[in-house]
Amino acid sequence: MDDIDLVAQIGMGDKRAMHALYLRYNDAIYAFSLSRAGNPELASDCVHDTMLDVWRTAAKFQGRSSVKTWLFSIARNKLVDALRKRGKHAYVEDVPEVEDTAPNPEAAAIAAAERARLHHCLESLSGPQRAAVRLAFLEELTYPEVAEIEAVPVGTIKTRIHHAKRALMRCLERGLRR
């Protein structure tokens, strides 16, 4: 069942459709929230609040954006509200470690060093740049979808990603020269 059909079913009170949508997007919304807040408990709360909002408002979904964009917009708004309540305005990126299954210990050591360097370089980006990179490249959203989620013009997202790419390249190049 595609996302639109799931939301329509949720709007009619179908718990199985809600479960299916939750399974489909739980990890992505959690990763997005964690990348913005840097707090696993807050990210988990954000997923819960987002899905609860979906359950309550699915019947009102008009399809003006994709379901994925709608979900990330809800998550962003829930996160902003939670951060305001906590009085936090800084965003911290926490890039999850990816297990390297390479059988060669030397290759594993090199991969770990590259991951650490990339993690360091991603942390050097501003919060808005990290969020734009995560949504565009990890969640594979289009720039207009990212702009809708971030509530900024598309040009702003293009600028953020342009500057983020340049900053990442400079940071990664510095690591290669060491």
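For clarity, every value in this text was computed on a predicted model and none was experimentally measured.

### Notes on the overall build of the protein chain
Reasoning step 1: From N to C terminus, the protein chain includes eight helices and zero strands.
Reasoning step 2: Listed N to C, the secondary structure of the protein chain is α-α-α-α-α-α-α-α in terms of helices and strands.
Reasoning step 3: By the burial criterion, 40% of the 178 residues in the protein chain qualify as buried.
Reasoning step 4: Long-range pairs, those at least 24 residues apart, make up 64% of the contacts in the protein chain between residues at least 6 apart in sequence.
Reasoning step 5: Only carbon and sulfur atoms are counted for the fraction: they give 54% of the accessible area of the protein chain, which is about 10400 Å².

### Observations regarding the environment of Ser66
Reasoning step 1: Within the fold, Ser66 resides in the loop between helix H3 (40–57) and helix H4 (67–86).
Reasoning step 2: On the basis of relative accessible area, Ser66 is assigned to the partly exposed category, the value being 29%.
Reasoning step 3: Between the C-alpha atom of Ser66 and that of Asp3, which follows or precedes it by 63 residues, the distance is 8.4 Å.
Reasoning step 4: Apart from the residues lying within four places of it in its own chain, the contact partners of Ser66 are Phe61 and Glu145.
Reasoning step 5: Separated by 2.9 Å, the side chains of Ser66 and Thr69 make a polar contact.

### Structural notes on the side chain of Ser35
Reasoning step 1: Here Ser35 is to be found in helix H2 (residues 15–37).
Reasoning step 2: Engagement of the side chain of Ser35 in a polar contact is seen with the side chain of Arg134, the distance being 3.0 Å.

### Examining the confidence of the model for the protein chain
Reasoning step 1: Per-residue pLDDT for the protein chain has a mean of 83; in total, 84% of the residues score no lower than 70.
Reasoning step 2: Within the protein chain, no element has a lower average pLDDT than helix H5 (residues 105–123), which sits at 73, and none a higher one than helix H1 (residues 3–11), at 93.
Reasoning step 3: The model gives residues 88–96 a pLDDT under 50, and that stretch makes 26 contacts with residues more than four places away or in other chains.

### What about the pattern of salt bridges?
Reasoning step 1: The tally for this structure, following the rule as stated, stands at six salt bridges.
Reasoning step 2: Note that Asp81 and Arg84 form a salt bridge whose closest N and O atoms lie 3.8 Å from each other. Within this pair, Asp81 and its partner Arg84 are both found in helix H4, separated by three residues, close to a single helical turn.
Reasoning step 3: Where Arg160 meets Glu150, a salt bridge forms, and the shortest distance between an N and an O atom there is 3.9 Å. In this pair, Arg160 is assigned in helix H8 (residues 154–177) and Glu150 in helix H7 (residues 143–150), connecting sequence segments 10 residues apart. Each member of the pair, Arg160 as well as Glu150, carries the same accessibility label: buried.
Reasoning step 4: The network of salt bridges with shared partners includes Arg36, Arg76, Glu150 and Arg160.

### Digging into the packing of aromatic side chains
Reasoning step 1: In the structure shown here, the tally under the stated rule is two aromatic pairs.
Reasoning step 2: Taken together, a centroid distance of 5.3 Å and an interplanar angle of 90° make the contact between Phe32 and Phe72 edge-to-face. Residue Phe32 is located in helix H2, and its partner Phe72 is located in helix H4; the two are separated by 40 residues in the primary sequence. The pair Phe32 / Phe72 is uniform in exposure class, with both members buried.
Reasoning step 3: Plain terms: the ring middles of Phe61 and Trp70 are 4.7 Å apart, the flat faces sit at 45° to each other, and that makes the pair tilted. Comparing Phe61 with Trp70 shows no difference in burial state: the two are buried.

Definitions and cut-offs
Residues numbered from 1 in each chain as written. Predicted model: local features only at pLDDT ≥ 70, side-chain atom pairs only at ≥ 80, totals over all residues. Heavy atoms only, no water. Helix = DSSP H or I, 4+ residues; strand = E, 2+ residues; numbered from the N terminus. Buried < 20%, exposed > 50% of the residue type's maximum accessible area, 1.4 Å probe, protein only. Contact = heavy atoms within 4.5 Å. Areas by Shrake-Rupley, 256 points an atom, 1.4 Å probe, with all protein chains shown as cover. Polar contact = N/O pair within 3.5 Å; in protein donor to acceptor, adjacent residues only side chain to side chain. pLDDT = per-residue confidence, 0-100. Salt bridge = Lys/Arg side-chain N within 4 Å of Asp/Glu carboxyl O. Phe/Tyr/Trp six-rings, centres within 6.5 Å; stacked < 30°, edge-to-face > 60°.

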